[in-house]
Amino acid sequence: MVEFYKECKNAGIKPVIGMTVAVEGVIHSGNDYEVILLAETTSGYQNLLKISSAIKTRNEKEVLPLKWLNSYKEGLIILSPGKNGEIEQLLLEGKEEFADEVARYYTELVGAEYFYLTLQKEHSTLAKLIQNFAETRNLPITVTKDVRYILPRDVQAKEVLAAIRDNTTVDWESLELVGSAYFASEAEMEALYTTDFERKALFESGKIAARCQVEIKMNQHLLPRFPLQAGERATDALAKVAVQGLKERGLDGQSDYEERLSYELRIINDMGFADYFLIVWDVMKYAREHDILTGPGRGSAAGSLVSYVLKITDVDPIQYNLLFERFLNPERVTMPDIDLDFPDNKRDEVIAYVVKKYGEQHVAQIGTFGTLAAKAAIRDTARTFGLNSVQLAEWAKLIPNSLGITLEKALKENPRLEKHIHFSKENEMIWEVACSIEGLPRHISTHAAGIVISDEALVDQVPLQQGSQEALLTQYAMGDLEEIGLLKMDFLGLRNLSLLDRVLRSVNYHRNLNLTLQDIPLNDEKTLQLFKRGDTTGVFQFESDGIRRVLRNLVPTSFEDIVAVDALYRPGPMEQIDTFIARKHGKEQIVYPHRDLKPILEVTYGVIVYQEQIMQVASTMAGFSLGEADLLRRAVSKKKADVLNEQREKFVSGALKKGYQETSANEVYDLIVRFANYGFNRSHAAAYSKIAFQLAFLKAHFPAEFMAALLSSVFGNDAKISQYVTEAKKYGINMLPPSINQSHYYFQVEGASQIRYSFRVIRKVPNKFVLALIEERKKAPFKDFFDFCERIPQKTLTPAILEALIYAGCFDEFGKTRATLIGSIQAVLQFSSLLGNDERGMNLFTADDDFFQTMKPRYKEAEEFPEKEKLALEKEYTGQYVSAHPVTRYQEKLKKIRCYATRKCFK
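The rules behind each value
- Residues numbered from 1 in each chain as written.
- Predicted model: local features only at pLDDT ≥ 70, side-chain atom pairs only at ≥ 80, totals over all residues.
- Heavy atoms only, no water.
- Helix = DSSP H or I, 4+ residues; strand = E, 2+ residues; numbered from the N terminus.
- Buried < 20%, exposed > 50% of the residue type's maximum accessible area, 1.4 Å probe, protein only.
- Contact = heavy atoms within 4.5 Å.
- Areas by Shrake-Rupley, 256 points an atom, 1.4 Å probe, with all protein chains shown as cover.
- Lys, Arg positive; Asp, Glu negative; His and termini not counted.
- Charge placed at Lys NZ, Arg CZ, Asp CG, Glu CD.
- Polar contact = N/O pair within 3.5 Å; in protein donor to acceptor, adjacent residues only side chain to side chain.
- Pairing = 2+ DSSP bridges.
- Axes fitted to C-alpha atoms, helices over the stretch in contact; angles between N-to-C directions.
- pLDDT = per-residue confidence, 0-100.
- Expected span 1.5 Å × (residues − 1).
- Phe/Tyr/Trp six-rings, centres within 6.5 Å; stacked < 30°, edge-to-face > 60°.

Student: It is not clear to me how the overall build of the protein should be interpreted in this structure. Could you clarify?
Tutor: Tallying secondary structure elements over the protein gives 42 helices and 14 strands in all. Overall size of the protein, expressed as C-alpha extent along the three principal axes, is 105 × 100 × 70 Å. The 907 residues of the protein split such that 50% are buried. Across the protein, every contact between residues at least 6 apart in sequence was considered, and the portion connecting residues at least 24 apart equals 70%. In the structure as shown, the protein presents an accessible area of about 43500 Å², 49% of it carried by carbon and sulfur atoms. Charged side chains of the protein number 113 positive and 124 negative; the gap between the two group centres comes to 7 Å.

Pasting the structure below:
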């Protein structure tokens, strides 16, 4: 809607905003009929937002009760819509007196000037009835057209989209070539309505459009307010918690920190963002108080000392030379953007707190629209045409997998595609329809991170709908919300924070420690050795083969080197990696564009790696304020010739005033232009490298706990589990097989260097069953296979589950072969059935009954499966070879012939 409004304004077209809604019937309240609601005024637009929200949040049938329409009628013009309206239906049924009653109801509801009948020539019989009804009762009437698509040929796309939505097929040969529900031109409408009555009705439509004067305000500052005591100001409250935070960080009394804090607070207050910082501080405080791990920061917010002392971020911006102006620029007022990281399994808890604190009407998650991309448009269209899976695959493989591919690009890139299109009339129609629907919204879902908070009720600015969790969901997408001026915050669920949290808890539990993330030194030698080896499997941002090669070549000797690698290993900056490494190891001379820039570029061996360095260079050489330097960085990154020339003139002029040579100034400016697109946000790199270093520290010092948590993070991915099991064995960790008495929901550490397989890796064993099994085991360990079957509720115990547990080796500890246990399944299930075991663990007999003892089944003894079959079944049910590996028997022979892993041959 916001995009539509802006496009109309930009094109000099008046936007008329309205919606067609289903309302309950006046005569038959059990039926529903359509009405068209047009916003005459801005308050009418706001009432449309409320109506849309009410329908989407309070009513499963999505039908508007008449009493709600009465509540939200101000500023609205109501049109009876055509054949789907109640009046029209009653006239077609010959019930004119009832139609009269409905017309009276709407006229009295909004007033005679705000309710119109509509004339549509597409339905000639109905048009005559409507004209007669309006003339005999002197009711206002206007002309409308039922528009469902833009062009007549788009009728095919409409039918296909409906089939995609309903998961049905269409008969492509009988699809209409052109439809009548298209957007007609002014000339067409004038040619269609020719009588005096019709011309008057047509003219009325222009008068209605002229009456519609809606303004959607853009770029408002709809910032939320932090709840304070009466008379307390947000600026004072922020200063108070910031000064207290500085003390808690142990930085009070240091002039550079106190001066920086004072400067930042002044800028934040002048820009009106004190409430925002208090809100974020409060959210992070809640997380800490409820034992929810939080990330050290994300993006440019880590450059703020206020964020650091409020414990929103955990990277000291002065120690790491991070710039506040990269985050909030006093010379360019923009909304602050602090993204918060939480463990992915705790994010919903934090959102629930925010909803509870600020109210359901003031907080919403952001809706996002999934669109039909090139492959999806082709595949879905072809499916509605009835093509089988082989034919669908044939279409799909002709569309390249490259990022951002469109059907138009695909046709240019793949000559075979054009041949396939013209192979048949059906294919030509599939292609034409797919091109029509490509890029259209397919569904609405919840944005992965974004939420909005507003001081006023959100429904005054944006329509809402029911969400999937605690919060409501916006009907507008993120871009529209930002255009309006609502404050977006990102609460991100980070898997690696969940991993970090799980490892830390495991270490403290098994080692009887009280280790915190703050205890992890960023100069730990054992951790740096791990980075030097590129032994970073499972380490956030450093897992890929490419970045591990960079680490091995660089041989990092400090946390600064880790930060630099994180920033460099990205498209663009990658070009500088070889230079960076060569200079670090003295194989290439370190050169600075000017000697005065050495303090800025020394940390990266003379290479510009960070955006902040570009800003510092502009400040040092050309006398730019850091705010001006940030504007320069943004401007030159766009590579527009006029902007580049303008900024060059300003830069060189400033440099000359500071006594630099014009030649030097131009050379440095050229360097800035070259690196503007390459420089990475140092604040972000430092913060995320801290997570990486913390994970690497835990891996280096507590490998068993780390690997157990890492394995637990990839359930369902056999390849990853296999990779991590191999990694664990490299650390001398013994992988213990699944055990009915020892395994848990997650992989668990046993002793100093052993990890027990989880129940969750076993296929065909539901999670609920696992949880019930563990709960029962708390009462007492299972004595044997029969004891297990007797104690587990009969209704949940199936042959398939027992087979899965047996083949995985869960009962091996009882000393019976897996073949014996498989052969005993039927007998034990029959026995459990006889006992009448139910979900409460009740049965008809006790263990010391003589009858019970005589009835108890015996094992059906059998020799173990052949080793090859046993291992194959093990892998089938767990995804891994657990007890042994098929090549184990050949290990001695392999040693004698000096066989090596393939990867070693290429080193």
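Past the structure itself, the notes keep going.
Student: Please explain the side chain of Ser53 as it appears in this structure.
Tutor: Within the secondary structure layout, Ser53 lies in helix α2 (residues 42-58). Only 2.8 Å separates the side chain of Ser53 from the backbone nitrogen of Leu464, close enough to count as a polar contact. Ser53 has contacts with Arg58, Val459, Val462, Pro463, Leu464 and Gln475, leaving out every residue within four places of it along the chain.

Student: Where do I start with the environment of Glu750 in this structure?
Tutor: Note on placement: Glu750 falls in strand β13 (residues 748-750). According to the relative accessible area criterion, Glu750 is buried, its value standing at 18%. What Glu750 contacts, discounting residues up to four positions off in sequence, is Leu736, Gln742 and Arg756. Within the local environment of Glu750, its side chain forms a polar contact with the side chain of Arg756, the two groups lying 2.9 Å apart.

Student: What should I look at first to understand the sheet that holds strand β12 (residues 734-736) in this one?
Tutor: Reading across the sheet, the three strands line up as β12-β14-β13 and stay open at both edges, with mixed pairing between neighbours. Looking along the sheet, the strands with just one partner apiece sit at the ends: β12 and β13. Sheet twist, expressed as the average angle between the axes of neighbouring strands with direction ignored, equals 35°. As judged from the three bridges shared by β13 and strand β14 (residues 754-756), these two strands associate in the antiparallel manner. Across the sheet, residue Gln748 finds its bridge partner in β14, namely Arg756. Strands β12, β13 and β14 of the sheet are contacted by helix α32 (residues 703-712), whose axis makes an angle of about 25° with β14.

Student: Just to check I follow, could you spell out the confidence of the model for the protein for this structure?
Tutor: Predicted coordinates in regions of low pLDDT should not be interpreted in detail. Averaged over all residues, the pLDDT of the protein equals 92, while 95% of them reach at least 70. Across residues 837-845 the pLDDT falls below 50, and counting only partners more than four positions away or on other chains, this stretch makes 20 contacts in the model.

Student: Would you take a moment to explain helix α14 (residues 347-358) for this structure?
Tutor: Owing to its 3.6 residues per turn, the α-helix aligns residues three or four sequence positions apart on the same side. Over its twelve residues, α14 extends 17 Å from the first C-alpha to the last, a length consistent with the 16 Å expected when each residue adds 1.5 Å. Packed against the buried residues of α14 are α12 (274-289), β6 (339-343), β7 (363-371), β8 (441-453) and β11 (487-494). Immediately downstream of α14, the backbone of Gly359 shows phi near 100°, a positive value.

Student: I'm lost on the packing of aromatic side chains in this one. Help?
Tutor: How two aromatic rings sit relative to each other is set out by the distance from centre to centre and by the angle between their planes. Counted under the stated rule, the structure contains 30 aromatic pairs. Taking the centre distance of 5.7 Å and the plane angle of 70° together, the rings of Tyr320 and Phe559 count as edge-to-face. Of the two residues, Tyr320 is situated in the loop between α13 (305-309) and β6 and Phe559 in helix α24 (residues 559-568); the sequence distance between them amounts to 239 residues. Judged by relative accessible area, Tyr320 falls into the buried class, the value being 12%. Both rings, one in Phe715 and one in Phe747, keep their centres 5.8 Å apart while their planes meet at 15°; by these two values the pair is stacked. Of the two residues, Phe715 is situated in the loop between α32 and α33 (718-730) and Phe747 in the loop between β12 and β13; the sequence distance between them amounts to 32 residues. What makes Phe747 buried here is its relative accessible area of 4%.

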